[in-house]
Amino acid sequence: MRARTLSFRQKLLIGFSLAIVAIFAVGGTSTYLLIREQLLGQARTQLDGATRGVHLMVRALIHNSIRNYLKGMAETNLRFAEHIHSRQRQGLISGDAARAEVESFLLSQRVGRTGYLTAVNIARAPAQITIDVHPKAKGLDITHYEFAQAMARQRNGYLEFWWRNPGETAPRLKSEWMAYFEPWDWIINVAPYRDEYREIIDISGVKEEMARFKVGEGGYAFLMDMAGNLLVHPQWEGRNLIDAVDEDTGRRFVREAIDGIRARMASGSDDELAGSITYTIRDPDGDRLFSRVLNYRYLPEVEWILGVVVATEEIERPLAVVRTGLIAAVVVSVLAATLVVMWTTRPVFASIHALTRAAREIAAGRLDTPLPKAAGDEIGQLSQAFAAMAGRLRAYTQGLERAVEARTGELRRSEQELRKFKAAVDHSSAAIIITDRDATIEYVNAAFSRSSGYPPDRAIGRTPSLLKSGQTPPAVYDELWRTILNGDSWRGEFLNRRADGGLYWEDAAISPVRGADGEITHFVAVKTDVTERRALLDELTAARNRAEEGARAKAAFLATMSHEIRTPMNAVMGYCHLLTDTRLDDDQRQYLSGVTLAADTLLRIIDDILDYSKIEAGRLELERAPFELARLLDQTVEVLGARARQKGISLAVDLSPVLPRTVVGDRHRLSQVLLNLIGNAVKFTESGGVAVSAGPDPGAADSVRFTVADTGIGMTPEQMGRLFQPFSQADSSTTRRFGGTGLGLTISA
């Protein structure tokens, strides 16, 4: 059966009614809660006042009961003392015996658990007041105590004071009744401790007064000790309620109230030891539940709790009238509002129905459908707006048709471009992979299948890790993912494994692709097989390593041979120096000079070979020590000056005055370089001269630039290209004409 659909008018009526109900519900609820709070506040105030009243009454009854008890006991002991004193006057007993008998009688009695009777001697008061009878402090002088002076002044009646017996740690509050015995100037005191009142009080009078107390119709008062025992109760006297449970919350509300009183007493709080509880309890004699409001106050004199109880329904009874009135107001308001809405909306909805029929015709494509005549109200304005909308709809429909036609043409052109792009990617010589953000392969081209051996159906749906050979370091992949997830492109090489198990090198460029929202959606990898290039690079690297190993072997050989030659040459030089000290003729001395010069030249060649070997082996270390630059230049020029003079050329030195006197560097190596440069200049200069200059280097801070200029034979550009190559000279004739090994400038460089 088809469900009947509600009309808009019906929905409006229902909605309007619900709105009125909601408004009245919110307002009525707020009003009800406000009235309820006021009534409950008044009830609590009345209950609190009643509790205070019965609290004062019970405390007064307790105090009167205690005072009457103490007064009766004091007067009884006073009459006993008078009786003993009459016997003393009759001579039947001595004075000391009379006092001893009265003292024994007083000490034989107890007031409560630890209270006792005493006798205070005020014969010399206020100058001296002593205790004549006391179980612990007999003979004690209490003159300086304020309560003792008050006792001496008052003599009879009730008095409270704090007292601490010898041996006790803390004082306790005592209440006493005094009876003055004039013959001996004694004040007989009946003095219990206040915290033991409950042991001596006569509770029957309290019960009678509390039985007459009523709060409302069924409220009552009760007394309970700190253990939860009901001392006075109209129904449950003698029961223990310490574990009584609130049926609504599950809490042991009696225990919580007693624990709260004890906690406040322990903390020394000045707040009243009182409170209020709302609870629901089950009748111990049946299954009935009672909801009650309890106000309680603590009675410190007897360590009891006074409670006043009122039924919750009695407090909330006036609220029933308020609830009934609010419900009636809601019902009447809803009915009245519904009738008003139905009467006022009838013509409006007739116009709406006509407009609805026209709208259906227009929706069916008949855009020229006439609309109902516009009235002057809001429905008329709606009809006019609808007519304008229909006109715009016709214009929009025509424009939309033209736009769809144009968009269709653009899509066809885009599809053609996309086909061309796909053809270019499919037939690219580079392997192309497209993955989603999780690295799942969505596309591979033919070049990928050729290089990897994986056809598309075996690659799509998997990740590029299927190509891993296990020989590419994990750090490469870590850097790759860090880079592309950061939105940057990555370029590097992988050693991958083909489907047939063969290894091949790939150069890969991987870039992220972002969506319209700027988030990374895909990754594109363009990869090229570089296995042959890597093989060529490996061969070149191996050749370079072999060349470097040969150079190291050559350097080691030169160093070894230089050391082997230097040892006998040093011996030759030594013998030559020894021969110069013997008697030689001119021919012998000339021959010896030639041998010495040849040996010295050979040693310099050996030194150059040793230095070059150290340089080739990377073991030449430079010192950093201060030395005088001017002195070094003078010594260098002095060594080469004789050779320059023999050739008839000049040798000049120009030292800049702005240079510091002392510089830091390797003095020996600098001297060696200068000797090579200046020595070469002198060697290749036949006429003119050599100029040596030193000054600050404008291209490097804290550095010195040395310049050696000569008027020698000069060099061609080709010769300058070989200038610093080892064992190389300008031409083959240079060695024969000028001598040398071709290592000096190499070492200097």
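Residues numbered from 1 in each chain as written. Predicted model: local features only at pLDDT ≥ 70, side-chain atom pairs only at ≥ 80, totals over all residues. Heavy atoms only, no water.

An account of the packing of aromatic side chains is requested, with residue identities and associated values reported.
When we look at a pair of aromatic rings, we describe it by the centre distance and by the angle of the planes. Using the criterion set out here, one finds 11 aromatic pairs in the structure. A centroid spacing of 5.0 Å and a plane angle of 85° characterise the contact between Phe181 and Trp184, whose relative ring orientation is edge-to-face. According to the relative accessible area criterion, Phe181 is buried, its value standing at 2%. Ring pairing ties together the aromatic residues Tyr145, Phe147, Phe161 and Trp163, which thus form one cluster. Directly above the ring of Tyr180 sits Arg155, whose terminal nitrogen or CZ lies 4.6 Å from the centroid. Over the face of the ring belonging to Tyr477 we find Lys468, whose NZ or CZ atom lies 4.4 Å from the ring centre. (Phe/Tyr/Trp six-rings, centres within 6.5 Å; stacked < 30°, edge-to-face > 60°. Buried < 20%, exposed > 50% of the residue type's maximum accessible area, 1.4 Å probe, protein only. Lys NZ or Arg CZ within 6 Å of the ring centre and 35° of its normal.)

Explain the environment of Ile520 to me, and be specific about the residues and the numbers.
Along the polypeptide, Ile520 turns up in strand E15 (residues 520–529). For Ile520, a relative accessible area of 8% corresponds to the buried category. Between the alpha carbons of Ile520 and Asp436 there is a distance of 8.9 Å; along the sequence they are 84 residues apart. In this structure, Ile520 is in contact with Arg437, Ile484, Leu485, Gly487, Pro512, Val513 and Arg514, ignoring residues within four places of it in sequence. (Helix = DSSP H or I, 4+ residues; strand = E, 2+ residues; numbered from the N terminus. Contact = heavy atoms within 4.5 Å.)

Quick rundown of the nonpolar core? Include the residues and the values.
With 44 residues, the main nonpolar core has Val58, Ile62, Met210, Leu223, Leu299 and Leu306 as its most contacted residues. Setting aside residues no more than four positions away along its own chain, Ile62 makes contact with Tyr197, Ile201, Leu299 and Val302. Membership of the second largest hydrophobic core comes to 24 residues, among which are Tyr220, Phe253, Ile281 and Val309. (Core = buried A, V, L, I, M, F, W, Y, C linked by side-chain atoms within 4.5 Å.)

Please give an account of the pairing of strand E14 (residues 503–514) that cites residues and values.
Relative to E14, strand E13 (residues 490–497) runs antiparallel, the two being bridged by eight bridges. From the neighbouring strand, Arg497 faces E14, where its bridge partner is Leu503. Joining the antiparallel neighbours E13 and E14 is a turn of five residues, in which Gly501 adopts a positive phi near 95°. The loop that links E14 with its antiparallel partner E15 comprises five residues; one of these, Gly518, has a positive phi angle of about 85°. (Pairing = 2+ DSSP bridges.)

Quick rundown of helix H5 (residues 253–267)? Include the residues and the values.
Residues three or four positions apart in an α-helix share a direction because the helix packs 3.6 residues into each turn. The terminal C-alpha atoms of H5, which comprises 15 residues, lie 21 Å apart, in line with the 21 Å expected from a rise of 1.5 Å per residue. Buried residues of H5: Phe253, Val254, Ala257, Ile258 and Ile261, and no others. One face of H5 carries all of its buried residues, which in axial projection span an arc of 140°. Of the exposed residues in H5, the ones pointing more than 90 degrees away from its buried face are Ala266 and Ser267. Those residues of H5 that are buried lie in contact with strand E6 (220–225), strand E8 (274–282), strand E9 (289–299) and strand E10 (304–311). Immediately beyond the C-terminal end of H5, within one or two residues, lies Gly268, with a positive phi of roughly 75°. (Expected span 1.5 Å × (residues − 1). Arc of directions from axis to C-beta.)

An account of the environment of Pro626 is requested, with residue identities and associated values reported.
Note on placement: Pro626 falls in strand E16 (residues 625–628). Note on Pro626: relative accessible area 61%, which makes it exposed. Along the primary structure Pro626 and Asp666 are separated by 40 residues, whereas in three dimensions their C-alpha atoms are 8.4 Å apart. Ignoring anything within four residues of it in the chain, the contact list for Pro626 reads Thr662, Val663 and Val664.

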